[in-house]
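What follows is each chain in one-letter form.
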Amino acid sequence: MKNKKLLLVDLENKHKVDLSSLDDSFRAIIFIGASQNPPKISRKPATAHRFSRVDFLKISGNGKNALDFHIAFELGRTFEKAPDTECFVLSGDKGFDPLLNHLNSSGMSCRRVESIAEIVPTAVARAVIPGVVVCPYCKAASTIEHHGGHWCSNCGRFATPPDPQTLPSNQKGYREVEIDRYEDSGIYSMCAWCYQRTDMTGGIYGDGEWMCGECVARYAR
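Residues numbered from 1 in each chain as written. Predicted model: local features only at pLDDT ≥ 70, side-chain atom pairs only at ≥ 80, totals over all residues. Heavy atoms only, no water.

With that settled, consider the sheet that holds strand β6 (residues 143–146). Spatially, the 3 strands line up as an open sheet ordered β6-β7-β8, and their pairing is antiparallel. Since the sheet does not close on itself, it has two edges, and those belong to β6 and β8 (158–160), each with one partner. Strand-to-strand, the axes of this sheet are offset by a mean angle of 40 degrees, without reference to chain direction. Taken together, the 2 bridges between strand β7 (residues 149–152) and β8 define a ladder with antiparallel strand orientation. Within β8, the position partnered with Trp-151 by the bridge is Phe-158. (Pairing = 2+ DSSP bridges. Helix = DSSP H or I, 4+ residues; strand = E, 2+ residues; numbered from the N terminus. Axes fitted to C-alpha atoms, helices over the stretch in contact; angles between N-to-C directions.)

Here we take up the sheet that holds strand β1 (residues 5–10). If you walk across this open sheet you meet the 5 strands as β3-β2-β1-β4-β5, and the pairing is parallel. Of all the strands in the sheet, the pair left with one neighbour each is β3 (54–58) and β5 (109–113). With direction set aside, neighbouring strand axes in the sheet form an average angle of 20 degrees. Direction of pairing for β1 relative to strand β2 (residues 26–32): parallel, over a ladder of 6 bridges. Paired with Leu-6 across the bridge in β2 is Arg-27. Relative to β1, helix α1 (residues 66–81) is tilted by about 170 degrees, and along the sheet it contacts β1, β2, β3, β4 (86–90) and β5. Of the strands in this sheet, β4 and β5 are in contact with helix α2 (residues 97–105), which crosses β5 at around 160 degrees. (Contact = heavy atoms within 4.5 Å.)

The buried count for β1 comes to 5 of 6 residues, which makes it a mostly enclosed element. Both β1 and β4 contribute to a ladder of 5 bridges, which runs parallel. Bridge pairing in β4 places Leu-6 opposite Cys-87. (Buried < 20%, exposed > 50% of the residue type's maximum accessible area, 1.4 Å probe, protein only.)

Here the focus is the pattern of salt bridges. A complete count under the given rule lists 4 salt bridges for this structure. The partner of Arg-77 in a salt bridge is Glu-74, and the shortest N-O contact between them spans 2.8 Å. Here Arg-77 and its partner Glu-74 are both found in helix α1, 3 residues apart, which amounts to about one turn of the helix. In this structure Glu-74 comes out as buried when scored by relative accessible area, which is 7%. Close ionic contact of Glu-114 with Arg-112 constitutes a salt bridge, the shortest N to O distance being 3.2 Å. Glu-114 gets classed as partly exposed once you look at its relative accessible area, which sits at 37%. (Salt bridge = Lys/Arg side-chain N within 4 Å of Asp/Glu carboxyl O.)

On average, residues of the chain carry a pLDDT of 78, and 76% of them reach 70 or more. Mean pLDDT across the elements of the chain ranges from a minimum in strand β11 (residues 204–206), with 68, to a maximum in β4, with 95. When the criterion is pLDDT under 50, residues 122–128 qualifies, and its contacts beyond four places in sequence or with other chains add up to 4 contacts. (pLDDT = per-residue confidence, 0-100.)

With that settled, the discussion passes to the pairing of β6. As paired elements, β6 and β7 share 4 bridges and run antiparallel to each other. Note on β7: the bridge partner recorded for Glu-145 is His-150. Linking two consecutive strands that pair antiparallel, namely β6 and β7, is a turn of 2 residues; a positive phi of about 50 degrees is found at His-147 within it.

Bringing unusual backbone geometry into the picture now. In this model, Asn-65 sits at a positive phi of 65 degrees, which is unusual for a non-glycine residue. The residue His-147 is not glycine, and still its phi comes out positive at about 50 degrees. Mapped onto the secondary structure, His-147 falls in the loop between β6 and β7.

Structure, rendered in structure tokens:
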């Protein structure tokens, strides 16, 4: 049986958090400042089920360190009910450290982290088949020989450069495909989470920011 793990997120300090890499041993509480709002995707019927292990706690008043005191209270309540829980505070605020050190010296298990990567186990290295070229960009062993080089079908780039002489653009009679200027090319915008300019299809707009479809799936998983 996996140990219970609780992640307490200081959203005032860490404004954008991706919890998709956490396994089912984690439960998360995202603490939201009085002037902040939870992601709208957590309130939409179509996506709310993805937050079954995430609770949002919005503090009711403004004040210096008000949110920090809420996190401290939740730590105490958690250890009182389930002292074997492993707790993590996601925040860049070092003011939590004295409290966490005191709890650890009392036999509890808790620490502050500044990124999710600090609590996710190191990924298991992928098995590599002898003779297969591993893509240097995505590290996947899913390449095929193509135009004298190796094309990665995982990320869509050349893992090793192609032979220029074999490229279609260098062949006799090659013509560039003409693009109809009236062709609908979709509506594009900059995602406020991954900062990529991408098609708005499948995205969500709320609180003055737009989140692309890929970030919606990754954040709400």
